[in-house]
Amino acid sequence: MQAVTTHGPGDVRVEERPEPQLEAADDAVVRVEATGICGSDLHIYHGRVKIEPGFTIGHEFVGTVLAAGDGVTEVSEGDRVLGCFCTACGNCFFCRRGIYQKCDEGRVFGHGATLGSLQGAQAEQVLVPHANLTLRRAPEGISDDAALFAGDVLGTGYHAVRAAELAPGDTAVVLGLGPVGLCAVQAAKAAGAAQVIAVDSVEDRLRVAESFGARPVHLTEEDPRGAVKEATGGRGADVVVEAVGHPDALDMACRMARKAGTVSVVGVYAERCEVHMGIVWLKSLRLVTGHANVIGHVDTVLAMMSAGVLDPTPLVTHHMPLADAPEAYAVYDRHEALKIVLSP
Ligand SMILES: [Zn+2]
Ligand SMILES: [Zn+2]
């Protein structure tokens, strides 16, 4: 079968790989029909995340169950399913408390040995461990394009808002309007935010946020902090979602939040980063951080998608064949696409 593999910075190839076989009783093999390229795949593409050469990448997928072990009870052969970006065992200390993203045996698709040696989903087929938790039947009426957001990008945008405990009537700010930030805009509106202020420096992204009901504010051509003050009577935002993953954005988020407000950090951090603890402490800010609990939220997210409350389809800007993955990565790297869906 064909699979998209990494061979170091800027070097993505489409190579022949053996078809996956069931290994454990709760494994499934899925024939991939649509698979997304994600911002975290770019970390691999740029060599910031190092993976063994030849490893298959990708972690967003929709497809059909080809085979399922005896222990798989929640989906069956022939079912149209979507996957979560990571797996969870369901039995460890964290899983028993519903904190699936911190499962002691959690593995992430397409991220090499450091995250569990689980071959990726940008391939014609993918092996899915713990299929009862990792897979969901894709609801009728939800397109492949939309369904592949549920187990990653939309689940993360939803988590950012849910973890912040955004309440109806709140003012929310979303910093960074990549796909996750734009999904957070939708989730904040769905949670009852009275106003959502969306900040980025890319005009197209600001327009999408506006179409989702946010007030767009340009990062450099306008005054984002002034806009938040003006919108809140000088108080600051109840919730600020930091969807960039850069110290400057985190600093801005802490300054935009009101006293006793919440900064919800879904931007990715792996290194030391300075935070003005004086601001955090004096304002009594609450920081919530870390990977999204996508497995914990996926059923809620799918229900909201079925109801039409959340709809990520406007974020899909490109469809390309899996065989054109090298070109697709180059396009994505040039920031010419919001979401590229590859079809094997
Ligand atoms: Zn992703
Ligand atoms: Zn676990």
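Report follows, based on the coordinates. Keep in mind it's a predicted model, so treat the numbers as computed, not measured. (Residues numbered from 1 in each chain as written. Chains lettered and ligands numbered in written order. Predicted model: local features only at pLDDT ≥ 70, side-chain atom pairs only at ≥ 80, totals over all residues. Heavy atoms only, no water.)

Let us now look at the coordination of the zinc ion (ligand 2). Only Cys89 (SG), Cys92 (SG), Cys95 (SG) and Cys103 (SG) from the protein coordinate the zinc ion (ligand 2), and they sit 2.3 to 2.4 Å from it. Here the zinc ion (ligand 2) is ringed by four donor atoms whose angles at the metal span 103 to 116 degrees, and the overall shape comes out tetrahedral. Taken in sequence order, the residues that donate to the zinc ion (ligand 2) follow the motif C-x2-C-x2-C-x7-C. Assessed through its relative accessible area of 11%, cysteine 92 is described here as buried. For cysteine 95, a relative accessible area of 4% puts it in the buried group. (Donors = N, O, S within 2.8 Å, 3.2 Å for Na, K, Ca; no water. Tetrahedral: all angles 85-135°; square planar, octahedral: opposite > 155°, others 65-115°. Buried < 20%, exposed > 50% of the residue type's maximum accessible area, 1.4 Å probe, protein only.)

Moving on, we come to the packing of aromatic side chains. Inspection of the entire model under this criterion finds three aromatic pairs. Here the aromatic rings of phenylalanine 93 and phenylalanine 94 are separated by 5.0 Å at their centres, their planes lie at 75 degrees, and the arrangement is edge-to-face. Overall, the relative accessible area of 42% leaves phenylalanine 93 in the partly exposed class. Residue phenylalanine 94 is classed as partly exposed on the basis of its relative accessible area of 27%. In this structure, arginine 97 packs its charged tip against the face of phenylalanine 93, placed 3.7 Å from the ring centre. Cation over ring: lysine 339 sits above phenylalanine 149, and NZ or CZ is 5.6 Å from the ring centre. (Phe/Tyr/Trp six-rings, centres within 6.5 Å; stacked < 30°, edge-to-face > 60°. Lys NZ or Arg CZ within 6 Å of the ring centre and 35° of its normal.)

Coordinates in, geometry out; function isn't part of it.
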